[in-house]
Structures are given as structure tokens and as C-alpha cells.
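One-letter residues, chain by chain:
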Amino acid sequence: MSDTVSFKDLGLVNTRELFKKAIEGNYAVPAYNFNNMEQLQAIIIGCMESRSPVIVQTSGGAIKYINKTFLRYMIQGAVEMVKEQGEDIPITLHLDHGDTFELAKSCIDSGYSSVMLDGSHHSFDDNVALTKLVVDYAHTRDVTVEGELGVLAGIEDEISAAVSHFTKPDEVVEFVERTGVDSLAISIGTSHGAYKFKLPPGELPPPLRFDILDEIEKRIPGFPIVLHGASAVVPEYIEAINRYGGKMDNAVGIPEDQLRKAAVSAVCKINIDSDNRLAMTAAIRRVFSEKPDEFDPRKYLGPARVEMINMVKNKNEHVLGSAGRA
Ligand code: G3H
Ligand code: 13P
Ligand code: ZN
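Residues numbered from 1 in each chain as written. Chains lettered and ligands numbered in written order. Predicted model: local features only at pLDDT ≥ 70, side-chain atom pairs only at ≥ 80, totals over all residues. Heavy atoms only, no water.

1. Looking at the site of ligand 2
Step number 1: Surveying the vicinity of ligand 2 reveals 16 residues, the closest of which are Asp-96, Lys-196, Ser-231, Asp-273 and Ser-274.
Step number 2: The separation between an oxygen atom of ligand 2 and a polar side-chain atom of Asn-271 is 3.1 Å.
Step number 3: Between an oxygen atom of ligand 2 and a side-chain N or O atom of Ser-274, the distance comes to 2.7 Å.
Step number 4: In the complex, 96% of the free accessible area of ligand 2, which totals 310 Å², lies under the protein chains. (Near = heavy atom within 4 Å. Polar contact = N/O pair within 3.5 Å; in protein donor to acceptor, adjacent residues only side chain to side chain. Areas by Shrake-Rupley, 256 points an atom, 1.4 Å probe, with all protein chains shown as cover.)

2. Description of the pattern of salt bridges
Step number 1: Taken as a whole and judged by the stated rule, the model has 23 salt bridges.
Step number 2: A salt bridge links Asp-109 to Lys-105; the shortest N-O distance between them is 2.7 Å. Here Asp-109 pairs with Lys-105, and both are found in helix α5 (residues 101-109), just four residues apart, close to one helical turn.
Step number 3: For Asp-109, a relative accessible area of 12% gives the class buried.
Step number 4: Residue classification places Lys-105 among the partly exposed positions, given a relative accessible area of 30%.
Step number 5: A salt bridge links Asp-136 to Lys-132, with the nearest nitrogen and oxygen atoms 3.0 Å apart. Linking Asp-136 with Lys-132, this pair stays in helix α6 (residues 124-139), spanning four residues, or about one helical turn. (Salt bridge = Lys/Arg side-chain N within 4 Å of Asp/Glu carboxyl O. Helix = DSSP H or I, 4+ residues; strand = E, 2+ residues; numbered from the N terminus. Buried < 20%, exposed > 50% of the residue type's maximum accessible area, 1.4 Å probe, protein only.)

3. A closer look at the nonpolar core
Step number 1: Grouped together as the largest cluster of nonpolar side chains are 100 residues, with contacts concentrated most on Phe-34, Val-54, Val-56, Ile-91, Val-115, Leu-184 and Ile-270.
Step number 2: Per-element tally for this core: the top contributor is helix α12 (residues 297-320), with eight residues.
Step number 3: With near-sequence residues (within four places) excluded, Ile-91 lies in contact with Leu-12, Val-13, Ile-44, Val-54, Val-56, Val-79 and Val-82.
Step number 4: In this structure, Phe-19, Ala-31, Ile-55 and Cys-268 belong to the second largest nonpolar core, which totals eight residues. (Core = buried A, V, L, I, M, F, W, Y, C linked by side-chain atoms within 4.5 Å. Contact = heavy atoms within 4.5 Å.)

4. A short note on the packing of helix α11 (residues 274-290) against α12
Step number 1: Two numbers describe how α11 lies on α12: the axes approach to 8 Å, and their chain directions differ by 145 degrees. Between α11 and α12 lies a crossing of right-handed hand. Here Asp-275, Asn-276, Ala-279, Met-280, Ala-283, Ile-284, Val-287 and Phe-288 of α11 lie close against α12, whose contacting residues are Lys-299, Tyr-300, Leu-301, Pro-303, Ala-304, Arg-305, Glu-307, Met-308, Met-311, Val-312 and Lys-315.
Step number 2: Classifying every residue of the contact of α11 with α12 by side-chain character gives 13 nonpolar, one polar and five charged. (Axes fitted to C-alpha atoms, helices over the stretch in contact; angles between N-to-C directions. Left-handed = near helix turned anticlockwise from the far one by under 90°. Nonpolar A, V, L, I, M, F, W, Y, C, P; charged D, E, K, R; others polar.)

5. Topic: the site of ligand 1
Step number 1: Around ligand 1, the structure places Asn-33, Ser-59, Asp-96, His-97, His-192, Asp-273 and Arg-277.
Step number 2: Interatomic distance of 2.6 Å between a side-chain N/O atom of Ser-59 and an oxygen atom of ligand 1.
Step number 3: His-97 places a side-chain nitrogen or oxygen 3.2 Å from an oxygen atom of ligand 1.
Step number 4: When isolated, ligand 1 has an accessible area of 300 Å², and the protein chains bury 64% of it.
Step number 5: Across the shell around ligand 1, the residue classes break down as no nonpolar, four polar and three charged.

Worth remembering: the numbers are spatial, not functional.
Pasting the structure below:
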């Protein structure tokens, strides 16, 4: 295969049609991160079994971890596996949190059908300029682009400190018009990782800022909105991890009813990474704790993959509403 390949040759789709259907159907397309074969298999099998469209995404770190060429063949393998099973679900391969034009371009050239340029840490004008550069290149290849406005609360931030980072509704029209992005990631109270809020014991996380989301929807009606940092940090996995020798005190995520509410709105892509990491870690810790003599990777990565398949199906069916929409 040549160095440059179009996503169409790999059997992938961009996000345009996916998001249109999601907005019309009041659900969100799941965007699951992966770093290895078991995770990619679990995502694809979970989505195939629940008949959900799916975005599989890799951070720059994941690409370095896997190797870009290897990754291209992994995704081709996933597409072929779906066909072999007689199934047909739309699959998008997306760059998550791309931070340079060069990284976005290299992904587009190696078969990604969608890329994110996360310029949210730059000034508004620099964010616009960098995002537009990527959009101009991507669109010549029919690749869709996600931009970001507003900064997600860092895991160490006090909740109150997050206020100044929320997306400003007044900026969205100008950003979308000047950049030409296909979707927009916003900040309304979600946060990356497994420790999303510092909370006194027994207290619930603050609700997402649906008022800001409403304002944004009013300014850009029907435009695809993306939520990052949307793992629920499933309590059962935290309990299992702690029971089987882990130590994840104070891990807390976004309540699933909040995500369900978001999925019904113009939010049509919901990013989940931490919950999958937790599902796998809980399963692996359990095997190691119950069978300390086990050393065949299939015996712990296998159960981890099964747990992740269940996680993905559960999300699609009960949280995102994407099950049955493929
Ligand atoms: O939003 C970030 C994703 O969870 C990817 O994380 O940079 O550790 O691969 P990573
Ligand atoms: P979580 O850490 O909440 O899973 O968020 C993942 C994400 O936003 C990837 O871009
Ligand atoms: Zn993210």
C-alpha cells in the first residue's frame, strides 16, 4: 500500500452523515479511544452487537504507542472482520486532540476519515488560524474536522475555577464561520480522566451547564456539538479495582443521566476513554487477584476484552441511544 491512502479505500466514512442522522434521531454517536488490539476489537464487537455507528479514535500518544502504519492495518482488519460477520456498521477513524497541522495532515494522509484540531489552549485568533489550516487541507480529501472552543476543567482544578473555561456562546458563530469546521467540541462542565471533580464525601458532581449548551444551540442551530471528558467513571469498576488491590480513591465522573440528556440535544458525539480503561483494569485486577499464578496474557486480556464489550454495549443502549442506529 502506498504512503498516502484515502479513508474511502479503507472502507471508512467521515462524520458528516453520521452526525446528520444523530441530530435527527436524538442520539449521540460514541467516540471510543483505543490503544491496543483488544480495545479496538471490543469497541467494534460491542458496536456490531448493538448495531451502532462508531467513531474509533486515537490520541497522538496512542499513535506513537501503536505505530502509524501498524494502526492503518489494524483498522483495515477491523473493517474486514465486520464484513466477514455479515454486518455493516459505519466506522469513522478519528484523530483525537490533534495539536499541530503536521499531525493532522499525517493522519489524513494515512487514512483517517476525521480529525480534531484542538486549538483550545491558544488565543481565539490563533485557534481559528490553525483550525482553518487543517480544515482547508482536510476538505480537499473529504475528511471532516472537529474544532474546540472553551477549555475543559483540568483534573486538579477546583470546580469553581472551571467557570472561566466554559465555552462562550458569543464566540461560536464567528469560530464556525471563519474556520469551516464540521463539528465543535465545547466545554460545559465535563473533564478528562477518572478524577473529574474534587468533592466532599457523599456529594454529587455539579450538573452540566445545559444553559450554555442551549445558548450555543440557539446561535448555531443543528450544528454538530461534541462532548469530551464524558466518562461516567462507572462506580462498579472503581469498587472492583479497589477490592482487587488497586487504589483509586475519589475517582468520580459524569452521571449517566446527564449524558443521556446531552445525547438527546445537538450533542452528537460523546467521547469515552476512561470508562473503557477502568473496565479493562477491573477485569485484569480480578484475574490477578483470584489467580496469582496466571501468566498467559489471553487469560487476563480476554476477560478484559469481554468486560469492555459489555461496557460499550451498555453505553450505546442506555446512555448514547446509538444502539440499533447503524
Ligand atoms: O482526551 C484524551 C484521551 O483520553 C486520550 O488520552 O492522551 O492518554 O491517549 P491519552
Ligand atoms: P474521558 O476521560 O472522560 O473518558 O474522556 C475522553 C475524551 O474526551 C477523549 O478525547
Ligand atoms: Zn478529549
